[in-house]
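Given next are the chains, with one letter for each unit.
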Amino acid sequence: MSRVLVGVKRVIDYAVKIRVKPDHSGVVTDGVKHSMNPFCEIAVEEAVKLKEKKFIKEVVAVSCGPTQVTETIRTALAMGCDRGIHVEVSGKDYEAMGPLQISKIFAALAKKEEASLVILGKQAIDDDCNQTGQMTAALLDWPQGTFASEVTIDGEKVKVVREIDGGLETIKISMPAVLTADLRLNTPRYATLPNIMKAKKKKIANMKPADLGVDEPPTRLAGVKVETVDDLVAKLKANGTI
Amino acid sequence: TVCTVPSALTGSALFFAAQRCIRALKTVQAEHAPSQHYTWGRNCSSAVMPRITSHYTIFPRDKDPRWEGVEMERFADEADVVIVGGGPAGLSAAIRLKQLAKEQEKELRVCLVEKASQIGAHTLSGACLEPSALNELFPDWKERGAPLNTPVTEDLFSILTEKYRIPVPMLPGLPMNNHGNYIVRLGHFVHWLGEQAEELGVEIYPGYAAAEVLFHEDGSVKGIATNDVGIAKDGSPKDVFERGMELHAKVTLFGEGCHGHLAKQLYRQFNLRENCEPQTYAIGLKELWVIDEKKWRPGRVEHSVGWPLNRNTYGGSFLYHLNEGEPLVALGFVVGLDYTNPYLSPFREFQRWKHHPFVAKTLEGGDRIAYGARALNEGGYQCLPKVTFPGGMLIGCSPGFMNVPKIKGTHTAMKSGMLAAEAIFPKVTAEDPASETAGLHIPEYEDNLKKSWIWKELYAVRNIRPSFHNYFGLYGGMIYTGVFYWILRGKEPWTLKHAGLDSAQLKPAKECTPIEYPKPDGKLSFDLLSSVALSGTNHEGDQPPHLTLKDDSIPVANNLAIYDGPEQRFCPAGVYEYVPLETGEGMRLQINAQNCVHCKTCDIKDPSQNINWVVPEGSGGPAYNGL
């Protein structure tokens, strides 16, 4: 039982008003206040708690994106992670990145680092996809405990209380596993200044997706609008989807 | 029975002679902790006022039973110089220190703390930058990519009436002539300064506010402590409570900007204001608009005075056309905080000014993308305090070097930071500092200031702002400026005085007429709350309100009763609201601390001087982007 991988995403701060770029190619991000995705903060807190309870030895914080994400990794280090990994993706590639590519990166890293757990936030507040955790588990063929509001390690298994539409569901899954954090899992600690100063000395490894055997994301094709449901069915049949 | 009344209830005692509920008193006394409610006597039909203030600066934690046994030790670290505030002054001082260290091959640890989440996020200014100080700091600023992209090409000055505009010629030699200056987005400029500072090795810590000044045994300044985190709204410790950190330094520079909260303490502690007039201020509100390209004139600077303010209320507007790719204009309105009518709302004056035909024609068809507000200094030369004291010094807009008629303070703030650094450097790197006190006292900084162009500039324009205090108000001031400044350049032998404390200028509401403001139309003018949303301001909700009241009962008893609650009107973020009590009649003050944009106007203008702005948890506050 050694290592936990935690994914952190740098997103536009939730209190900032989003502005669409004049050319409609995306939203304005230059100079805009960013912070760690709130669900990722909860994920980091859970990982650090597990380390403090001595269930695991090392917590590795991972983030994918341009140079600025190292600030987010530093915050995770200040909260108690031991080291960081910065998977560098910038510019147009970063804008095109989606959950599938991120999951491939996490899956590759989980294998490389021999992680027993991958803990992620349930979703990012900018795209609200809620897919990365699930896809990572599928790619690794690992069990998943998503929307976790309570996590208990029980020997080689993890008991996860999940928040689902009907209420709460308790499952027991074996490790290695992927967990995604929901709001009520914990209250994240603050990254205090002495810890930020100490975090400057912790290592952040730098790598590219290609180093992990992950390809460029495919260029996203434009969508097609159809008028009726019948049209939709016909189109899906035509391109072999159904 | 005579019972000792805790300070929270003393105000009520003066205004309400009713007998207090003895049980409530006994409960408060027994716990030594502030109760959640306090009850007024029979005359008020037991109206229960929820407590407003819970901050530990008003209710010390060493007497609070909820804090018993909580670990209050702080981690401490040493630096050579600690700078409070990552604005133009603080960053220029840090940069200059590191430049000197590099030149003379000496080691120097410089730490800078800034309450905003990133450098530039709390910066707000017009701004027309005079590059004099920048040229001295970085002669190669252009190659380094400083964001000075818009040289001023046109300079317009108008006196507005309700419908018309009287152009005033911008003669060379008038202080507000902008030839050679640049229109900048100061937030971006400050961000660039931050990058330069980091490259030079300055340790910059955004998101950490300096909450407390630390003192040596001999009374000199030892450094600062950053804010504690994890205190709940009622003042009790949360599970995630952690103490702030102490940063000790040989000398601490305070560059908190206009009306800094630590500077306020230092004025009292070291009696720095005994030989100067009390500072007088203005509030500046600003918006950024993307306008129709056809109306865009990059490099154009427009200023106006007159409508909608009357001739006895100091203030005016600015509108600058930026040249950074898209048709962006920075516009805003300044109102002197020595105004007398408690019904005046600077925010609403700003909103209605935009409807003037001359302004509306630029903005029509445009989109508002940002909003913010900040207080600024108007005192100039007469209000400069002593700026050095054992262990520290004041730089930038904190003591207040703004050249009021030029409406520029960035160049003087930067220069003051640089002069501070130059005075400090030899002392702080000396083998034996030969100082009387543990914290270094470096009066050479003040001497350097007096010999510099800052002093000459401020002296020359010292009489312009006070000249507005005459029967003709604005027009008297303009005539004075034209005659004495333009001709004599401030060489007249007299020095006019300001009117006194801004907070003492308000007339009681019954002596004044309410102002009829037009409703916002949602296209040119807007309501307060949607404006506040555009500032991106936010604070952790579960923390004690950082707008602390020395006495919770005074707002209703004094501010509302006599002045009709002027804080509802002068706060540009809707923090203060008088709402009806849930039970029975009467009003109570509601403080929406999360809306605060850290402008400091309330601390300045409160007629009861009951509001004490303290710093909230770091990284809270506005999220300005290039404002």
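Residues numbered from 1 in each chain as written. Chains lettered and ligands numbered in written order. Predicted model: local features only at pLDDT ≥ 70, side-chain atom pairs only at ≥ 80, totals over all residues. Heavy atoms only, no water.

In the annotation of an unreviewed UniProt entry, the entry for chain B reads Electron transfer flavoprotein-ubiquinone oxidoreductase, and the organism field reads Oncorhynchus tshawytscha. One UniProt comment on chain B, placed under Catalytic activity (unreviewed entry), says "a ubiquinone + reduced [electron-transfer flavoprotein] = a ubiquinol + oxidized [electron-transfer flavoprotein] + H(+)". Listed in UniProt under the heading Subcellular location (unreviewed entry), the comment for chain B reads: "Mitochondrion inner membrane". (UniProt positions renumbered as here; feature names shortened; annotations may be inferred.)

If you look chain A up in an unreviewed UniProt entry, it shows as Electron transfer flavoprotein subunit beta from Oncorhynchus tshawytscha. Under Sequence similarities (unreviewed entry), UniProt gives the following word-for-word description of chain A: "Belongs to the ETF beta-subunit/FixA family."

Enquirer: Would you explain the pairing of strand β5 (residues 110–114) of chain B in this entry?
Expert: One face of the sheet, then the other: side chains in a regular strand alternate in exactly this way. Residues and elements named next belong to chain B. Counting buried residues in β5 gives five out of five residues, a clear majority hidden from the surface. Alternating positions in β5 separate into two faces, V110, L112 and E114 on one and C111 and V113 on the other, with burial throughout. Looking at chain direction, strand β4 (residues 81–84) and β5 are connected through four bridges and run parallel. The partner of V82 across the bridge, within β5, is C111. The β-α-β motif built from β4, the intervening helix α3 (residues 88–103) and the parallel element β5 has right-handed crossover chirality. (Buried < 20%, exposed > 50% of the residue type's maximum accessible area, 1.4 Å probe, protein only. Helix = DSSP H or I, 4+ residues; strand = E, 2+ residues; numbered from the N terminus. Pairing = 2+ DSSP bridges. Right-handed = clockwise from strand over helix to strand, strands pointing away.)

Enquirer: Would you mind showing me how to read helix α12 (residues 474–488) of chain B here?
Expert: Residues lying three or four places apart along an α-helix face the same way, a consequence of the helix completing one turn every 3.6 residues. Residues and elements named next belong to chain B. With 15 residues, α12 should reach 21 Å at 1.5 Å per residue; the first-to-last C-alpha distance of 20 Å fits that figure. At T481, α12 shows its strongest bend, of approximately 30°. Of all the residues in α12, the buried ones are L474, G476, G477, Y480, T481 and Y485. In the core, the buried residues of α12 are packed alongside β19 (300–306) and α11 (453–460). Once α12 ends, the next one or two residues include R489, with phi positive near 50°. (Expected span 1.5 Å × (residues − 1). Bend = angle between axes of the 7 residues up to and from the residue. Contact = heavy atoms within 4.5 Å.)

Enquirer: It is not clear to me how the packing of aromatic side chains should be interpreted in this structure. Could you clarify?
Expert: Residues and elements named next belong to chain B. One pass over the full model with this rule turns up 15 aromatic pairs over all chains. Each ring, one from F215 and one from F270, has its centre 6.3 Å from the other, and the planes form 50°; the classification is tilted. With a gap of 55 residues between them, F215 in strand β12 (residues 210–215) and F270 in helix α6 (residues 261–270) connect regions that are remote in the sequence. The partly exposed category is assigned to F215, whose relative accessible area is 30%. Measuring from ring centre to ring centre gives 6.2 Å for F350 and W353, while their planes differ by 25°; the resulting arrangement is stacked. Remark: W353 and F350 occur in helix α7 (residues 346–353); sequence separation between them is three residues, near one turn of the helix. The residues F350 and W353 share a single accessibility class, namely buried. (Phe/Tyr/Trp six-rings, centres within 6.5 Å; stacked < 30°, edge-to-face > 60°.)

Enquirer: Where do I start with the sheet that holds strand β6 (residues 117–121) of chain A in this structure?
Expert: Strands belonging to one sheet form pairs held by backbone hydrogen bonds; the direction of such a pair is parallel or antiparallel. All names here are of chain A. Strand order across the open sheet formed by nine strands is β9-β8-β7-β10-β6-β1-β4-β5-β11, with mixed pairing between neighbours. The sheet is open, and its two edges are formed by β9 (167–174) and β11 (204–207), each paired on a single side. Each neighbouring strand pair of the sheet contributes to a mean axis angle of 30°, computed without reference to strand direction. Pairing of strand β7 (residues 144–154) with strand β10 (residues 177–181), which is carried by three bridges, proceeds in the parallel orientation. Within β10, the residue paired with A148 across the bridge is A181. Strands β4 (58–65), β5 (83–88) and β11 of the sheet are contacted by helix α2 (residues 69–79), whose axis makes an angle of about 165° with β5. (Axes fitted to C-alpha atoms, helices over the stretch in contact; angles between N-to-C directions.)

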